[in-house]
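Per-entry structural report
Chain residues, written in single-letter form:
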Amino acid sequence: MKRAICALILLLASRPALAEKSPAQFAGEMIARLKAAHPESVFANDGAVPLQVAVKGGGHDGAQLMLYRLYDFCRNVPAENCEAGKDNFVAKALAPLPEARRENLRGIVRGADYYDAAQQQGSKEKRQPWFFARKIGDDLYEILALDSPTQIALANAADLKRMRIKPEAAWALARTQTLSAIPALPDPASLLASAAMFEGEEYVGSMLADTQGWQAVRDAIGPDLFVTVTSDQFVMVSLMGEGPGLDRFAEAVAADCRSAERCISPHVYRFEQGMWVIEK
């Protein structure tokens, strides 16, 4: 475990931050890129909220693009990583949404900031609550979603109606299809020997949604089970007691979150009474 912590801290220390731009400057650059990629649409922002961009026309009228995470990402990574993130954002921002098909159902894990932003979007459309979610931790949610090669979208009641499926059946199918595409939970015996790290393209964070499975791991190991989910591509599981080591680990996790293009959580979690509880 100590080797894993040291490696993570060294990795983070090697990442030089970009020279900071103001939110308004950053938004202006991104609006110019979006206009060049989508000349059929108009992009504009409110000076008071520069990192929120409204879209008009071109088949995307009324869409809202949020630049907050991309801005924070670019403040904490090398220039080439930031450029890749900007290109990725522009390419996917107005991509077609996933189709409401049963085989596209997935379960995603997201933090409270993501959940709250989605709820605000729903209230603007006067259909809140408009998506399906369950709380799995202090600030973590499992959310019913639709998958495509370029986008993940939240599933709503209208989507389920088109698929002719009830919410309970949709949840069950989404979990089955998600679990088949991600790593299995770690074996308790292996965790007693060393920390486990899981990486993948997408949905690795959905490992945390298997609360019944984690309860079994917790029962076998005890209260020193810790988990981090800094992105949908990376989950770390370890055993560690209280003390300076845990504090240093928590600092490294928070730094890694700041360097992730779409961080889920900067926290270290324990599993208690069927829920993920923030430890640090």
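Residues numbered from 1 in each chain as written. Predicted model: local features only at pLDDT ≥ 70, side-chain atom pairs only at ≥ 80, totals over all residues. Heavy atoms only, no water.

A short note on the overall build of the protein
The helix and strand inventory of the protein stands at ten helices and twelve strands. When burial is assessed residue by residue, the protein has 46% of its 280 residues classed as buried. Across the protein, contacts joining residues at least 24 apart in sequence account for 66% of those joining residues at least 6 apart. Carbon and sulfur atoms make up 54% of the accessible area of the protein, which totals about 14100 Å². (Helix = DSSP H or I, 4+ residues; strand = E, 2+ residues; numbered from the N terminus. Buried < 20%, exposed > 50% of the residue type's maximum accessible area, 1.4 Å probe, protein only. Contact = heavy atoms within 4.5 Å. Areas by Shrake-Rupley, 256 points an atom, 1.4 Å probe, with all protein chains shown as cover.)

Considerations on the packing of aromatic side chains
One pass over the structure, following the stated rule, counts six aromatic pairs. With 5.2 Å between their ring centres and 75 degrees between their planes, Trp130 and Phe131 make a pair best called edge-to-face. What makes Phe131 buried here is its relative accessible area of 8%. Grouping aromatic residues by their ring pairs yields a cluster made of Tyr115, Trp130, Phe131 and Tyr141. Residue placement shows Arg110 over the ring face of Tyr114; its charged tip is 5.4 Å from the ring centre. (Phe/Tyr/Trp six-rings, centres within 6.5 Å; stacked < 30°, edge-to-face > 60°. Lys NZ or Arg CZ within 6 Å of the ring centre and 35° of its normal.)

Re the pairing of strand 1 (residues 42-46)
The side chains of a regular strand alternate, first on one face of the sheet and then on the other. Inspection of the sheet shows strand 1 paired to strand 2 (residues 49-56) by five bridges, in the antiparallel sense. Paired with Val42 across the two strands is Lys56, which belongs to strand 2. Linking strand 1 back to strand 2 in an antiparallel pair, the connection comprises two residues. (Pairing = 2+ DSSP bridges.)

Overview of the packing of helix 2 (residues 23-37) against helix 4 (residues 79-93)
Contact pair helix 2 / helix 4: the axes reach a minimum separation of 10 Å and the direction vectors enclose 50 degrees. Accordingly, the angle class assigned to the pair helix 2 and helix 4 is oblique. When the axes of helix 2 and helix 4 are compared, the crossing they make is right-handed. Contacts from Phe26, Glu29, Met30, Arg33, Leu34 and Ala37 of helix 2 reach helix 4 at Glu83, Lys86, Asp87, Phe89, Val90 and Ala93. (Axes fitted to C-alpha atoms, helices over the stretch in contact; angles between N-to-C directions. Parallel < 35°, antiparallel > 145°, perpendicular 65-115°, else oblique. Left-handed = near helix turned anticlockwise from the far one by under 90°.)

Let's talk about the side chain of Asp159
Following the sequence through the fold, Asp159 ends up in helix 6 (residues 157-163). Judged by relative accessible area, Asp159 falls into the buried class, the value being 8%. Here the side chain of Asp159 touches Arg162 through a polar contact of 2.5 Å, side chain to side chain. Sequence-distant contacts of Asp159, that is, excluding residues within four places in its chain, are made with Ala100, Leu146 and Leu154. (Polar contact = N/O pair within 3.5 Å; in protein donor to acceptor, adjacent residues only side chain to side chain.)

Some words on the nonpolar core
With 33 residues, the main nonpolar core has Leu140, Leu208, Trp214, Val235, Val237 and Trp276 as its most contacted residues. When residues of this core are traced back to their parent elements, those giving at least two are strand 4 (105-111), helix 5 (112-124), strand 6 (140-147), strand 8 (196-199), helix 9 (211-221), strand 9 (225-231), strand 10 (234-239) and strand 11 (268-272). In contact with Leu140, other than residues within four places in its own chain, are Val109, Arg110, Gly111, Arg134, Lys135, Leu208, Ile264, Ser265, Tyr269 and Trp276. (Core = buried A, V, L, I, M, F, W, Y, C linked by side-chain atoms within 4.5 Å.)

Here we look at the state of the cysteines
Per the counting criterion, the structure on display carries two disulfides. Residue Cys74 pairs covalently with Cys82 via a disulfide, S to S 2.2 Å. When the S-S torsion is 95 degrees, as for the bridge of Cys74 with Cys82, the disulfide is right-handed. (Disulfide = S-S within 2.5 Å.)

Digging into the pairing of strand 10
Burial analysis of strand 10 places five of its six residues in the buried class, which makes it a mostly covered element. As paired strands, strand 8 and strand 10 are joined by four bridges and run antiparallel to one another. Counterpart to Met197 in the pairing with strand 10 is Met236. Hairpin connection between strand 9 and strand 10: a loop of two residues separates the two successive antiparallel strands.

Quick word on the sheet that holds strand 9
Across the sheet, five strands lie side by side as 8-10-9-11-12; this open sheet has antiparallel pairing. Single-partner strands in this sheet number two, and they are strand 8 and strand 12 (275-278). Sheet twist, expressed as the average angle between the axes of neighbouring strands with direction ignored, equals 30 degrees. Pairing of strand 9 with strand 11 involves two bridges; the strand directions are antiparallel. Paired with Val227 across the two strands is Tyr269, which belongs to strand 11. Helix 9 rests against strand 9, strand 10, strand 11 and strand 12 of the sheet, and its axis sits at about 85 degrees to strand 11. Against the sheet, helix 10 (residues 244-258) touches strand 9, strand 10 and strand 11, its axis set at about 20 degrees to strand 9.

Fair warning: the whole summary comes from geometry, so function is off the table for now.
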